[in-house]
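Letter by letter, the chains look like this.
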Amino acid sequence: MCPAERRRSPYLLCPSSPLRTTRAYFCISSYHYFLDLLYKFLPQKPFYQPSLMQATSVLILCTGNSCRSQMAEGILESFDTNLDVFSAGTKPAQAVHPVAIEVMEEIGIDIRAAKPKHVAEFLDKPFDAVVTVCDHANETCPVFVGNVKSRVHIGFDDPAAFQGTKEEIKNEFRRVRDEIFDRFKVFYQNTLSLSKTS
């Protein structure tokens, strides 16, 4: 092939000849065949789509769904945004307790948009874990009859039932909030994070 032809031809591996077009086609076909073989025999890495991977789902239950379960939902979500966390009650209150909203804001968690929900809303949804947070000594804990893999009880005093001055009541909410934070941190580390890696 002369220098002028070499500059014009896009198929530098194919020699110049009257059958240059046919040889060029043969060269390209051989090249793609070689790539196909290379792709088949090279180890392939698995392809994951995080958005399609199922998140761990948790339902937190109490009676009124206005204090403890709402605080627990916000706290558990703060540990891992990939968790699907919900809360509900058997006799939901009209609204989330205002002091619960205040003390949660103190630790940087906003639950102002939360609303009490009835447990019946979640009966058709499967959960990896259902956690009851009522006080066994003074309450009858709700029983979730839906599809659930694990049932856990982590009981707390009801701060809404506490009697005292305004500041004493807020301190009681803070105490319960901190207890929820500590015990749900252990629950997340020992149960939920392990189940995600297993």
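We now turn to the structure provided with this report. For clarity, every value in this text was computed on a predicted model and none was experimentally measured.

Looking at the pattern of salt bridges
Oppositely charged side chains may form a pair once their charged atoms are brought near each other.
Phase 1 of the analysis: Considering all chains together, one arrives at 13 salt bridges under this definition.
Phase 2 of the analysis: For glutamate 179, the salt bridge goes to arginine 183, with nearest N and O atoms at 3.5 Å. Taken together, the positions of glutamate 179 and arginine 183, both in helix α5 (residues 166–197) and 4 residues apart, correspond to about one turn of that helix.
Phase 3 of the analysis: Each of Glu106, Glu167, Arg174, Arg177 and Asp178 takes part in salt bridges that share partners, so that together they form one network.

Considerations on the packing of aromatic side chains
The relative placement of two aromatic rings is captured by the distance of their centres and the angle of their planes.
Phase 1 of the analysis: Scanning the entire structure with this criterion turns up 7 aromatic pairs.
Phase 2 of the analysis: Residues phenylalanine 86 and phenylalanine 127 carry aromatic rings whose centres are separated by 6.0 Å and whose planes lie at 75° to one another, so their mutual orientation is edge-to-face. One end of the pair, phenylalanine 86, is in strand β2 (residues 84–89); the other, phenylalanine 127, is in strand β3 (residues 127–132), with 41 residues separating them in the sequence.
Phase 3 of the analysis: Taking the relative accessible area as the measure of exposure, phenylalanine 127 reaches 2% and is therefore buried.
Phase 4 of the analysis: Relative to phenylalanine 187, the ring of phenylalanine 184 has its centre 5.8 Å away and its plane inclined at 80°; by these criteria the two rings are edge-to-face. Residue phenylalanine 184 and its partner phenylalanine 187 are located together in helix α5, separated by 3 residues, close to a single helical turn.

Considering the packing of helix α3 (residues 68–79) against helix α4 (residues 98–105)
Phase 1 of the analysis: At a minimum axis separation of 10 Å, α3 and α4 run at an interaxial angle of 25°. The orientation of α3 with respect to α4, classified from their angle, is roughly parallel. The hand of the α3/α4 crossing is right-handed. On α4, the residues touching Met71, Gly74 and Ile75 of α3 are Ala100, Val103 and Met104.
Phase 2 of the analysis: When grouped by side-chain class, the residues that make up the contact of α3 with α4 number 5 nonpolar, 1 polar and no charged.

So, how was this worked out
Residues numbered from 1 in each chain as written. Predicted model: local features only at pLDDT ≥ 70, side-chain atom pairs only at ≥ 80, totals over all residues. Heavy atoms only, no water. Salt bridge = Lys/Arg side-chain N within 4 Å of Asp/Glu carboxyl O. Helix = DSSP H or I, 4+ residues; strand = E, 2+ residues; numbered from the N terminus. Phe/Tyr/Trp six-rings, centres within 6.5 Å; stacked < 30°, edge-to-face > 60°. Buried < 20%, exposed > 50% of the residue type's maximum accessible area, 1.4 Å probe, protein only. Axes fitted to C-alpha atoms, helices over the stretch in contact; angles between N-to-C directions. Parallel < 35°, antiparallel > 145°, perpendicular 65-115°, else oblique. Left-handed = near helix turned anticlockwise from the far one by under 90°. Contact = heavy atoms within 4.5 Å. Nonpolar A, V, L, I, M, F, W, Y, C, P; charged D, E, K, R; others polar.

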